[in-house]
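Read off the chains here:
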Amino acid sequence: MEYNLGFLAGGILAAIIGVIFIYILRKYTRTDNATKCKYDERQQLVHGIGFKYGFFTFIFYNIAAATLISLRKKQYIDHAALMLIGIFISTFVYAAFCIWKEGYFSLNENPKRVVVTFAAIALLNFGIGWLSYLRGLMFENGMLTSHCVNFLCGILIILLFPVMAAKHISKQKEEEE
């Protein structure tokens, strides 16, 4: 009983800290005092197409994961971690598409500040992931567990940096021509 109350209190505290953190990040990354991101029609269209690609990526990933689960006798990854990986892969597809089509950053966001924020979030997630690894929570009985979520989130963000850099270089070359 005490463990459940402590777990609940920790979860509530983490949620409160998360909301405060998001509020501060919004103030830091926005160029105006708006509470919502502002996107033009083209950016909204890009989001819709990106969601479609992310959704179909998730469907095909789940088909592959279900096939792998049914064919393998020994598991190397628990089902929660397997589903989380699918979520991260489909999120990467969505975000990379939106970045490449210049629909990711809103009209009232400072892209440089967003990138700095992403870097800080990635480092934080790698730190938490490293702690999970050191505590022996990331792998149990030879299986990757859902405690890998922070590490995977850090990897997702780091993988988006080359996409942003390539788009920035491509945009500079277009402007030179």
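Basis of the calculations
Residues numbered from 1 in each chain as written. Predicted model: local features only at pLDDT ≥ 70, side-chain atom pairs only at ≥ 80, totals over all residues. Heavy atoms only, no water. Helix = DSSP H or I, 4+ residues; strand = E, 2+ residues; numbered from the N terminus. Buried < 20%, exposed > 50% of the residue type's maximum accessible area, 1.4 Å probe, protein only. Core = buried A, V, L, I, M, F, W, Y, C linked by side-chain atoms within 4.5 Å. Contact = heavy atoms within 4.5 Å. Axes fitted to C-alpha atoms, helices over the stretch in contact; angles between N-to-C directions. Parallel < 35°, antiparallel > 145°, perpendicular 65-115°, else oblique. Left-handed = near helix turned anticlockwise from the far one by under 90°. Nonpolar A, V, L, I, M, F, W, Y, C, P; charged D, E, K, R; others polar. Phe/Tyr/Trp six-rings, centres within 6.5 Å; stacked < 30°, edge-to-face > 60°. Lys NZ or Arg CZ within 6 Å of the ring centre and 35° of its normal. Patch = residues over 30% accessible without salt bridge, like charges linked within 9 Å, V, L, I, M, F, W, Y side chains within 5 Å. Areas by Shrake-Rupley, 256 points an atom, 1.4 Å probe, with all protein chains shown as cover. Salt bridge = Lys/Arg side-chain N within 4 Å of Asp/Glu carboxyl O. Lys, Arg positive; Asp, Glu negative; His and termini not counted. Charge placed at Lys NZ, Arg CZ, Asp CG, Glu CD. Polar contact = N/O pair within 3.5 Å; in protein donor to acceptor, adjacent residues only side chain to side chain. Expected span 1.5 Å × (residues − 1).

### Comments concerning unusual backbone geometry
Trans is the prevailing form of peptide bonds, just as negative phi is the prevailing case for residues other than glycine. Here the phi dihedral of Glu 102 falls at roughly 60°; this positive angle occurs in a residue that is not glycine. One non-glycine residue with positive phi stands out, namely Asn 141, at about 55°. Among the structural elements, Asn 141 can be located in the loop between strand S1 (139-140) and strand S2 (143-144). By relative accessible area, which is 79% here, Asn 141 ends up exposed.

### Some remarks on the nonpolar core
Considering soluble globular proteins, one finds that nonpolar side chains tend to be buried as a cluster. The biggest cluster of nonpolar side chains holds 23 residues, and the ones touching the most others in it are Ile 77, Ile 85, Leu 144, Cys 148 and Leu 160. Elements represented by at least two residues in this core include exactly helix H2 (41-71), helix H3 (79-100), helix H4 (111-134) and helix H5 (149-176). Not counting chain neighbours up to four residues away, the residues in contact with Cys 148 comprise Ala 81 and Met 138.

### As for the packing of H2 against H3
At their nearest, the axes of H2 and H3 sit 8 Å apart, and the two run at 155° to each other. The angle between the axes of H2 and H3 places the two elements in the roughly antiparallel class. Read as a crossing pair, H2 and H3 show a hand that is right-handed. Residues that form the contact of H2 with H3 fall into these classes: 17 nonpolar, eight polar and no charged.

### A short note on the packing of aromatic side chains
Going through the model one piece at a time under the given rule, you end up with seven aromatic pairs. Look at Phe 126 and Phe 151: their rings are 5.3 Å apart centre to centre, the planes differ by 70°, and that puts the pair in the edge-to-face class. Here Phe 126 is found in helix H4, whereas its partner Phe 151 is found in helix H5, with 25 residues between them in sequence. Residue placement shows Lys 167 over the ring face of Trp 100; its charged tip is 5.1 Å from the ring centre.

### A short note on the packing of H4 against H5
Where H4 meets H5, the closest approach of the two axes is 7 Å, and the angle between their N-to-C directions is 150°. Here H4 is positioned roughly antiparallel relative to H5, judged by the angle of their axes. Where H4 crosses over H5, the two elements pack in a sense that is left-handed. Of the residues in H5, those in contact with Val 115, Phe 118, Ala 119, Ile 121, Ala 122, Asn 125, Phe 126, Ile 128 and Gly 129 of H4 are Asn 150, Phe 151, Cys 153, Gly 154, Ile 155, Ile 157, Ile 158, Phe 161 and Met 164. Class assignment of the residues belonging to the contact of H4 with H5 gives a composition of 14 nonpolar, four polar and no charged.

### Thoughts on a negative patch on the surface
On the surface, a cluster of negative charge is contributed by Glu 174, Glu 175, Glu 176 and Glu 177. Looking at where Glu 175 falls in the secondary structure, it is placed in helix H5. Since its relative accessible area comes to 59%, Glu 175 is described here as exposed.

### Let's talk about the side chain of Ser 106
With respect to the helices and strands, Ser 106 occurs in the loop between H3 and H4. According to the relative accessible area criterion, Ser 106 is buried, its value standing at 4%. Here the side chain of Ser 106 touches Asn 108 through a polar contact of 2.8 Å, side chain to side chain. If near-sequence neighbours (up to four positions away) are discounted, Ser 106 is found in contact with Cys 37, Lys 38, Tyr 39 and Gln 43.

### Quick notes on the pattern of salt bridges
All told, the structure shown has two salt bridges when counted by the stated rule. Here Lys 38 and Asp 32 are joined by a salt bridge, their closest N and O atoms 3.0 Å apart. A relative accessible area of 43% means that Lys 38 is categorised as partly exposed.

### Concerning H2
The periodicity of an α-helix, 3.6 residues per turn, causes residues three or four places apart in sequence to face the same way. Over its 31 residues, H2 runs 45 Å from end to end, which matches the ideal 45 Å to within 8%, given 1.5 Å per residue. When we look at burial in H2, the residues that qualify are Gln 43, Val 46, His 47, Gly 50, Gly 54, Tyr 61 and Ala 65. Along its buried surface, H2 packs onto H3.

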